[in-house]
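# Descriptive analysis of the structure
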Amino acid sequence: MQLKIPIIDDGGTDIRRKNILSSPKFGGSCDVDSIPYLKALGIEIVERRQPIQFTSNFGEHVHRWAPYIQGFSSAFVQSILDQYRDDYESPVILDPFAGCGTVLAQSKLNGYVSIGTELNPLIQFVADTKVNSWDVDPELLFKTFSSIPKDLRSPAPSFLKSDHQFNKGVLRNLECLKGGIDFILTNTKKQIKVKNLILLAFSSILIDCSNLKRTPCLGYWKDKKVADDAPWILMKRKIKDICNDLEVIQNKYKNVIGIESKVLLANAMEYKHEHMFDLIITSPPYMNGLDYVMNYKIEMGWLGFTKETKDAKKVKDSLVVCDNVSKGLIKIFTESNSKYTNNWTEEIKISIAENIERRGNYRRNDMPHIVHKYFDDMYKVMKTVTKSLKQNGRFILVVGDSLIADVYVPTDLILARIGTELGLTVEKIERARNRHSGQVRNYRLRETIVTLKKDSKRGKNNGR
Ligand SMILES: C[S@@+](CC[C@H](N)C(=O)[O-])C[C@H]1O[C@@H](n2cnc3c(N)ncnc32)[C@H](O)[C@@H]1O
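Residues numbered from 1 in each chain as written. Predicted model: local features only at pLDDT ≥ 70, side-chain atom pairs only at ≥ 80, totals over all residues.

Here the focus is the overall build of the protein. A tally of helices and strands in the protein yields 16 helices and 12 strands. On C-alpha atoms alone, the protein measures out to a radius of gyration of 23 Å, which is about the 23 Å that the 2.2 N^0.38 rule sets for 464 residues. Taken across its 464 residues, the protein has 44% of its residues classed as buried. Across the protein, contacts joining residues at least 24 apart in sequence account for 75% of those joining residues at least 6 apart. (Helix = DSSP H or I, 4+ residues; strand = E, 2+ residues; numbered from the N terminus. Rg over C-alpha atoms; globule rule 2.2 N^0.38 Å. Buried ≥ 20, exposed ≤ 12 C-beta atoms within 10 Å, placed from the backbone. Contact = placed C-beta atoms within 7 Å.)

What follows is the structure, encoded as structure tokens:
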């Protein structure tokens, strides 16, 4: 049944709304629009609905240390590890888009070596601290936090609008808390680890202390009331959670504490790994999706990873592209000669360009090139990491599709096709959940798990 939404005559000002209501995709679905692509790949999507989103991590040891809602659930990672338990003995695992380290933390809990790359320095710091602090004495952590001086002040980052982001009393307490943390000594490895955990805790309470909310994009929340002493209260609660989890790990998981696990500050498009991997488990940025830098600008600023706005922009332009990227970067891309492409992406680009012209108004006119750059970036990542995948190894991607200017973009199927071009076999594509398009709300999208395999039957050098 089609939804009836009245069109309000607003004198032509709300073109965007009218475009949405007159969209040929109104009430449509990815299932219909995927048919030709699935036919070409010779595969069907199978159902494997599950709670795949990060929210279920909020009650989990270690995973709960940092609220990173763009991640996937530890239960999903565990289900993959369980599924292939008989295929690989002590698998070595890679997550090229490590985010806050869900894959790494879960792999380490299972006693498996794991490596990640992450290009946002704040997120890399959080993920690496999460997997490399399991030997910290919880008593020492609590004692260090409890004895930080309360009368020192480190000023809020000057380039952020902290007066808007925080109430006056909260801001003063945050500056004192940060002043105390900055005072912690870092002469020994032990002290460094303790301070890193305290900084991680500090970064993880900032948004709760602010007048903003992440849903998942960062925005002001007008009804939010934050008490002046929230920084100290939330910080103490977070430190207690971390201490509790350290105790659990040191009792129940002592054997895994020394297992290698690291998140490198590196670009997945080019980083050459020393290890060869049995499993690559990852979730890339979704096209037209989130801005992984501006969404964390507050934490990045307070922890000193960015000193001015342009630092954040620089990080953003180095990530796999999102639709908030700088125009200059897209211009340089269009002028470059060596780009990955295939007939699907070319047809999608043309359709997007035609629709933008027909509409006469779109958020970004260079959207066809942004889409192209997304697949070029992803091709680079997939090519690079496939070289480090062992024979019979699996490359598992969790990804969502998109609707852009009324054009359906089957990101999962295009990535699967790129996999085949790199010599991998598409083992299965599973729907983990349904989603809705942000532009045409009643157009149904999906989130899928794409499983690619480096099949030894296809020849020894496939993908190398
Ligand atoms: C969907 S998130 C991954 C979430 C992760 N699965 C988790 O559970 O925390 C994608 C991540 O990829 C990172 N990223 C984007 N481009 C990258 C690149 N070229 N190299 C390394 N990391 C990148 C982003 O900063 C973001 O944190």
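Next comes the rest of the account.
Here we come to helix H15 (residues 367-387). Given 3.6 residues to a turn, an α-helix orients residues that are three or four positions apart in the same direction. Compared with the 30 Å implied by 1.5 Å per residue over 21 residues, the 31 Å span of H15 between its first and last C-alpha is a close match. A large share of H15 lies buried, amounting to 17 of its 21 residues. (Expected span 1.5 Å × (residues − 1).)

Our next topic: the site of the ligand. Surrounding the ligand, one finds 21 residues, the nearest of these being Gly71, Phe97, Gly99, Thr102 and Leu319. Of the residues contributing to the shell around the ligand, the split by class is 12 nonpolar, 8 polar and 1 charged. (Near = placed C-beta within 6 Å. Nonpolar A, V, L, I, M, F, W, Y, C, P; charged D, E, K, R; others polar.)

Membership of the largest hydrophobic core comes to 121 residues, with the highest contact counts inside it found for Ala201, Ile280, Val371 and Met378. Excluding residues that lie within four positions of it along the chain, Met378 makes contacts with Pro284, Val320, Leu415 and Ile418. (Core = buried A, V, L, I, M, F, W, Y, C linked by C-beta atoms within 7 Å.)

Take the packing of helix H8 (residues 168-182) against helix H10 (residues 230-252) next. Between H8 and H10, whose axes approach to 8 Å, the crossing angle comes to 50 degrees. The angle between H8 and H10 places the two elements in the oblique class. When H8 is examined against H10, the residues Val170, Asn173, Leu174 and Leu177 are found in contact with a partner set consisting of Ala230, Pro231, Trp232 and Met235. Residue composition of the contact of H8 with H10, by class: 7 nonpolar, 1 polar and no charged. (Axes fitted to C-alpha atoms, helices over the stretch in contact; angles between N-to-C directions. Parallel < 35°, antiparallel > 145°, perpendicular 65-115°, else oblique.)

Sheet architecture is open: 8 strands sit in the order E1-E11-E12-E8-E7-E2-E3-E6, paired in mixed fashion. Both outer strands of the open sheet, strand E1 (45-47) and strand E6 (261-265), are each paired with one neighbouring strand and no more. Shown here is a sheet whose adjacent strand axes are inclined to one another by a mean of 20 degrees, direction ignored. Direction of pairing for strand E11 (residues 425-436) relative to strand E12 (residues 444-453): antiparallel, over a ladder of 10 bridges. By the bridge assignment, Arg435 is partnered in E12 with Leu445. (Pairing = 2+ DSSP bridges.)

Let us look at the packing of helix H6 (residues 138-146) against helix H9 (residues 189-209). At a minimum axis separation of 10 Å, H6 and H9 run at an interaxial angle of 65 degrees. By the angle between their axes, H6 is roughly perpendicular relative to H9. In terms of crossing hand, the pair formed by H6 and H9 is right-handed. Contact with H6, carried on its side by Leu140, Leu141, Thr144 and Phe145, involves Val194, Leu197 and Ile198 of H9 and no other residues of that element. Across the contact of H6 with H9, the residue classes tally to 6 nonpolar, 1 polar and no charged. (Left-handed = near helix turned anticlockwise from the far one by under 90°.)

In this section: the pairing of strand E3 (residues 114-118). For E3, a buried count of 5 out of 5 residues is recorded, marking the element as mostly surrounded by other parts of the structure. Side chains Ser114, Gly116 and Glu118 of E3 all project onto a buried face; the interleaved residues Ile115 and Thr117 project onto the opposite face, where all are buried too. Looking at chain direction, E3 and E6 are connected through 5 bridges and run parallel. Bridging across to E6, Thr117 finds its partner in Leu264.

Taking 1.5 Å of rise per residue, the 12 residues of helix H2 (residues 30-41) would be expected to cover 16 Å, and the 16 Å separating its terminal C-alpha atoms lies within 8% of that figure. Positive backbone phi, approximately 70 degrees, marks Gly42, located one or two places after H2.

Residue Pro216 is reached from Thr215 by a cis peptide bond, and omega for that bond is 0 degrees. Position of Pro216 relative to the elements: it lies in the loop between strand E4 (212-214) and strand E5 (218-220).

Let us now look at the environment of His275. Structurally, His275 can be placed in the loop between E6 and strand E7 (277-282). According to the C-beta neighbour criterion, His275 is partly exposed, with 14 such atoms within 10 Å. It is 9.9 Å that separates the C-alpha atoms of His275 and Val113, two residues lying 162 residues apart in sequence.

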